[in-house]
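Understanding the architecture of this molecule
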Amino acid sequence: MAKKIKMKNELNCRVSQVVQVSPSMKIFRIVPEGWELPGFEAGQFVALYLPASAERCEDATEEPKQLAPDKMIKKAYSIASSSKNKEFIEFYITLVRSGALTPRLFNLEIGDKVGMGSKFVGMFTLDQVPDDKNVVLIATGTGVAPYMSMLRSDALAKDRKITVIHGAANSWDLGYSSELTLLESITDKLKYVPTITNPDKEPSKWNGKTQFIQDLWEDGIIEKVAGYKPTPENCHIFICRNPNMINTMVESLEKDGFTEHSKRAPGQIHVEKF
Ligand SMILES: Cc1cc2nc3c(=O)[nH]c(=O)nc-3n(C[C@H](O)[C@H](O)[C@H](O)COP(=O)(O)OP(=O)(O)OC[C@H]3O[C@@H](n4cnc5c(N)ncnc54)[C@H](O)[C@@H]3O)c2cc1C
């Protein structure tokens, strides 16, 4: 029978799948070995770790500082898989070429060992939202990961409208676009708005949106695609990833009366920066 307790800093998982989304983005599936995944809420995150002795991928640049080989490098990653899935945890990760952990993660192959923390945490979850409110999920790049977890769990079971706005430089950076397009085609509850900011680099003509997320918002994108005008009374807004985009969006939303959510002061803006 699987052990429930795992040793601290043990490489307690194996990689079961690696998908190269773009030159600098990968989706990893990680399977626990000898322990059971704890329950978690869609939208939460967990730590991944590897020792400094693990090899860095070929694309990496030189490490700014030399680390002792036995130093464990740990970073937080949002979970992209369903909270109902007890077999594996999925992550969507960007390579930071000069970074400490991601060049080591990007060197992992199927079957390799990796460490995962046992604390699944975070308040960036839909249980913070009353059932009768619509939801707008805004992300740049890998910031779409927590939304995939929400949509793959039970976000679409509630009677509310959900709009995903996903921004990236180019179409190949829009991870999960096939799944989001498919989901949109099978339910009226979901609208998916991908937008790219570097259309000149596209190998074939991009017919979608090309504005920055904040400009789409100012243009009334929710009213256009989802058919309602978002107000603090009818919807909650989740914003994930790029700190500049988050700050501009929060500023714009605050002008419309939205306030940032915290446990002490419930509001309608939910933020996860990374
Ligand atoms: C709650 C939370 C959830 C997160 N979820 C994800 C996730 O789902 N996917 C994901 O890819 N990352 C996620 N991150 C970021 C992740 O924890 C690491 O910070 C990131 O992978 C870089 O780690 P590193 O050790 O390779 O780089 P580090 O050694 O930490 O170096 C990062 C340095 O590079 C700079 N930098 C340049 N580009 C980037 C970039 N794209 N990301 C980070 N730093 C950059 C930073 O300013 C910093 O100085 C999350 C962070 C938090 C706090």
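Residues numbered from 1 in each chain as written. Predicted model: local features only at pLDDT ≥ 70, side-chain atom pairs only at ≥ 80, totals over all residues. Heavy atoms only, no water.

**As for the packing of helix 2 (residues 145-152) against helix 3 (residues 177-186)**
Note the following rule: Here, axes are lines fitted to C-alpha atoms. For helices the fit covers the stretch in contact, and angles between N-to-C directions go from 0 to 180 degrees. Helix and strand labels come from DSSP, where a helix needs a run of H or I of at least four residues and a strand needs a run of E of at least two; each type is numbered from the N terminus. Throughout, a crossing is termed right-handed when the near helix is turned clockwise from the far one, and left-handed when it is turned anticlockwise from it by less than a right angle. In what follows, residue pairs with any heavy atoms lying within 4.5 Å of each other are defined as contacts. For this scheme, ten residues count as nonpolar: Ala, Val, Leu, Ile, Met, Phe, Trp, Tyr, Cys and Pro. Four count as charged, namely Asp, Glu, Lys and Arg, and the remainder, Gly too, count as polar.
As a packed pair, helix 2 and helix 3 sit with axes 12 Å apart at the nearest point and diverge in direction by 35°. Considering how the two elements wind past one another, helix 2 and helix 3 form a crossing that is left-handed. The residues of helix 3 that touch helix 2, namely those facing Met-148, Leu-151 and Arg-152, are Glu-179, Leu-180 and Leu-183. Looking at the contact of helix 2 with helix 3 residue by residue, the class counts come to four nonpolar, no polar and two charged.

**Things to note about the nonpolar core**
To keep things clear, this is the line we draw: Put simply, a nonpolar core is a bunch of buried Ala, Val, Leu, Ile, Met, Phe, Trp, Tyr and Cys residues held in one set by side-chain atoms that sit within 4.5 Å of each other. Here's how the labels work: a residue is buried when its accessible area is under 20% of the maximum for its type, exposed when over 50%, partly exposed in between, all with a 1.4 Å probe on protein chains only.
Tyr-147, Met-150, Leu-151 and Phe-238 are the most contacted members of the largest nonpolar core, which has 31 residues in total. It is helix 2 that provides the largest number of residues to this core, a total of five residues. If we ignore the near neighbours within four places in the chain, the residues touching Tyr-147 are Phe-124, Leu-137, Ile-138, Ala-139, Phe-238, Ile-239 and Cys-240. Counting residues in hydrophobic clusters, the runner-up holds 27 residues, among them Cys-57, Ile-73, Phe-106 and Phe-120.

**Details of the packing of aromatic side chains**
Note the cut-off: Each Phe, Tyr or Trp ring, with Trp reduced to its six-membered ring, pairs with another whose centre is within 6.5 Å; inter-plane angles below 30 degrees give stacked pairs, above 60 give edge-to-face pairs, and intermediate values give tilted ones. A ring has a charge above it when a Lys NZ or an Arg CZ is no more than 6 Å from the ring centre and no more than 35 degrees off the ring normal.
In total, this model carries five aromatic pairs according to the counting rule given. Ring centres 5.9 Å apart and planes at 35° place the aromatic pair Phe-124 and Tyr-147 in the tilted group. Within this pair, whereas Phe-124 is found in the loop between strand 6 (113-116) and strand 7 (134-140), its partner Tyr-147 is found in helix 2, the two being separated by 23 residues in sequence. Here the two residues Phe-124 and Tyr-147 agree in accessibility, since each one is buried. Put simply, the rings of Phe-124, Tyr-147 and Phe-238 touch in pairs and so form one group of aromatic residues. Stacked on the ring of Tyr-49, the Lys or Arg Lys-74 has its end atom at 4.7 Å from the ring centre.

**Examining the pattern of salt bridges**
Using the following cut-off: One speaks of a salt bridge when a side-chain nitrogen belonging to Lys or Arg is within 4 Å of a carboxyl oxygen belonging to Asp or Glu.
Taken as a whole, this structure holds eight salt bridges when the rule is applied. In this structure, a network of salt bridges that share partners links the residues Arg-29, Glu-90, Arg-152 and Glu-179.

**Some points on the site of the ligand**
Note the cut-off: The near set for a molecule or strand comprises every residue that places at least one heavy atom within 4 Å of it. In protein, a polar contact means a hydrogen-donor-capable atom and an acceptor-capable atom, both N or O and within 3.5 Å, with residues adjacent in sequence counting only if both atoms are side-chain atoms; elsewhere, any N or O pair within 3.5 Å suffices. Here the accessible surface of atoms and residues is derived via Shrake-Rupley with a 1.4 Å probe, and residues count as covered only by protein chains that are part of the display.
In the region of the ligand, 18 residues are neighbours, and Lys-75, Ala-76, Tyr-77, Leu-101 and Thr-102 sit closest. Taking Tyr-92, its main chain carries an N or O atom lying 2.9 Å from a nitrogen atom of the ligand. Within the backbone of Leu-101, a nitrogen or oxygen atom sits 2.8 Å from an oxygen atom of the ligand. For the ligand, whose free accessible area comes to 930 Å², the fraction covered by protein is 65%. Those elements giving two or more residues to the shell around the ligand turn out to be strand 4 (72-78), strand 5 (89-94) and helix 1 (102-105). Across the shell around the ligand, the residue classes tally to ten nonpolar, five polar and three charged.

**Considering the side chain of Gln-268**
Note on placement: Gln-268 falls in the loop between helix 6 (243-255) and strand 11 (269-273). According to the relative accessible area criterion, Gln-268 is buried, its value standing at 14%. Aside from chain neighbours lying at most four places away, what touches Gln-268 is Pro-232, Cys-235, His-236, Ile-237, Gly-257, Phe-258, Thr-259 and His-261.

**Some points on the side chain of His-166**
With respect to the secondary-structure elements, His-166 resides in strand 8 (residues 162-168). In this structure the side chain of His-166 is engaged in a polar contact, spanning 2.8 Å, whose partner is the backbone oxygen of Gly-141.

**Describing unusual backbone geometry**
A positive phi angle, close to 70°, is found at Tyr-176, a residue other than glycine. Of note, Tyr-176 is situated in the loop between strand 8 and helix 3. One non-glycine residue, Arg-241, adopts positive backbone phi at about 110°. For Arg-241, the position within the fold is in strand 10 (residues 235-241).

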